[in-house]
Amino acid sequence: MEAVLGQVEQLPALLAVSRSSLVRDWDSLTLDRALEWARYFQHLHDRFRARPQLREALGRRLRRSQPYPRLGFPALGRCPQLLGLALLENRALPPAACRRLLRSLLQPPSAAGSGPEPLGTELLARRKAAARLLAVPRRPPPGPAAPEAELLLRRLREERQDSGQAAGQLPWLCGVLELLPQPRAVQVVAEALVLLKQGCGTGQGGDDDGDGSGGPDGCQGSAAGDGCTAGLLLAWLMDSQERFSAFCLRIPCSRLAFLAGHYPQFSRSYLDLLTCWGSRLLYDPLLGRWVKSCLDKAELSWEELRERFICLCQGTAPLKEQTQAALRLLRTRDGDFKVRGLSVWTDLLMEVGSD
């Protein structure tokens, strides 16, 4: 028992180091060892909480330690979260160790088995970890934005559960996304919208809404909430024409076609934007092709415009019909020419195989 008391006496030192500049030398393995010690202290709490004499002995040893005289036996049970919160607030923690910490804190409790939803310090640690990953305006990492999108969806659901309504979520969403660099923000929103259509919840079985149901009924119960979440994301996206244009320029055309096939509001706005961009192309008879009317503007070239319309026509059947109908209407308004080089819409219809 004396050995255990000696180990517990090291908890204040562990927390002190986690708040110091010494963590700048930590790598992922060092972080793992620190988290293992924290879990060990939590294990001691679970083991001795029903034994009053041993619990009191551990509490006395902790209270005797400095510089944290207020630490007591309950702190052992919260040790992983106390350590995680201290490290999250320490900017000296290297990026690799920080990413490992975020994955540790954000791991859903249900992944290890059944159990109650996190409360108190554990929930606070998870929310601070999500905010750290979503809201810190650092250089965006390369690769897909799916992890951030999953965190954003989880956080929106938690906000909806806390408030019981979605009316107050849009200002929070705007604040979080505007802290991100715009390229990353639009990628996160695109991935979140895709995830909402790829399955219930975040595509992990539909039990992320906190209602405890992971079957089909749980999915149906979350459909209204997911629709509300999608509406918030689309409202943020379409609130600014400049933002929507940047979104459609940065996101791959296959992703945009997927979104257009699942969100009618998005498909209408996307087709309107493509129409605006296409109307600015001019035919150069010397070059024999369509060119930008103003080279210094961030609008699509003929090749890019053609690729986007082809992607739309390769999407769902309703989206293909909508796209071809829009092109036919534009061609009619342009004089209904069926010869190349006279109307960009005629040429596009020929490219997509409609005429």
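Residues numbered from 1 in each chain as written. Predicted model: local features only at pLDDT ≥ 70, side-chain atom pairs only at ≥ 80, totals over all residues. Heavy atoms only, no water.

The name recorded for the chain in an unreviewed UniProt entry is Fanconi anemia group F protein, from Alaudala cheleensis. According to the UniProt record, the Function (unreviewed entry) comment for the chain is "DNA repair protein that may operate in a postreplication repair or a cell cycle checkpoint function. May be implicated in interstrand DNA cross-link repair and in the maintenance of normal chromosome stability." (UniProt positions renumbered as here; feature names shortened; annotations may be inferred.)

Asker: Mind showing me how you'd approach the pattern of salt bridges here?
Answerer: In a structure, side chains of opposite charge can pair up when their charged atoms sit close to one another. Across all of its chains, the model carries six salt bridges by this definition. A salt bridge links Asp46 to Arg49; the shortest N-O distance between them is 4.0 Å. (Salt bridge = Lys/Arg side-chain N within 4 Å of Asp/Glu carboxyl O.)

Asker: So what exactly am I meant to see when it comes to the packing of aromatic side chains here?
Answerer: Remark: the centre distance and the inter-plane angle together describe each pair of aromatic rings, the angle taken between the planes. Summed over the entire model, instances satisfying the criterion amount to seven aromatic pairs. With centroids separated by 5.7 Å and ring planes inclined at 75°, the aromatic side chains of Phe244 and Phe266 adopt a geometry described as edge-to-face. On the criterion of sequence distance, the pair formed by Phe244 in helix 13 (residues 241-250) and Phe266 in helix 15 (residues 264-278) is long-range, its members being 22 residues apart. For Phe244, a relative accessible area of 3% translates into the label buried. Residue classification places Phe266 among the buried residues on the basis of a relative accessible area of 0%. A connected cluster of aromatic rings, assembled from ring pairs, spans Phe244, Phe247, Phe266 and Tyr270. In this structure, Arg243 is placed above the aromatic ring of Trp236, and the distance from its NZ or CZ to the ring centre is 4.4 Å. (Phe/Tyr/Trp six-rings, centres within 6.5 Å; stacked < 30°, edge-to-face > 60°. Helix = DSSP H or I, 4+ residues; strand = E, 2+ residues; numbered from the N terminus. Buried < 20%, exposed > 50% of the residue type's maximum accessible area, 1.4 Å probe, protein only. Lys NZ or Arg CZ within 6 Å of the ring centre and 35° of its normal.)

Asker: What is the right way to look at the side chain of Thr323 in this model?
Answerer: Within the fold, Thr323 resides in helix 17 (residues 317-333). Once residues lying within four places of it in the same chain are set aside, the contact partners of Thr323 are Leu271, Phe309, Leu312 and Cys313. (Contact = heavy atoms within 4.5 Å.)

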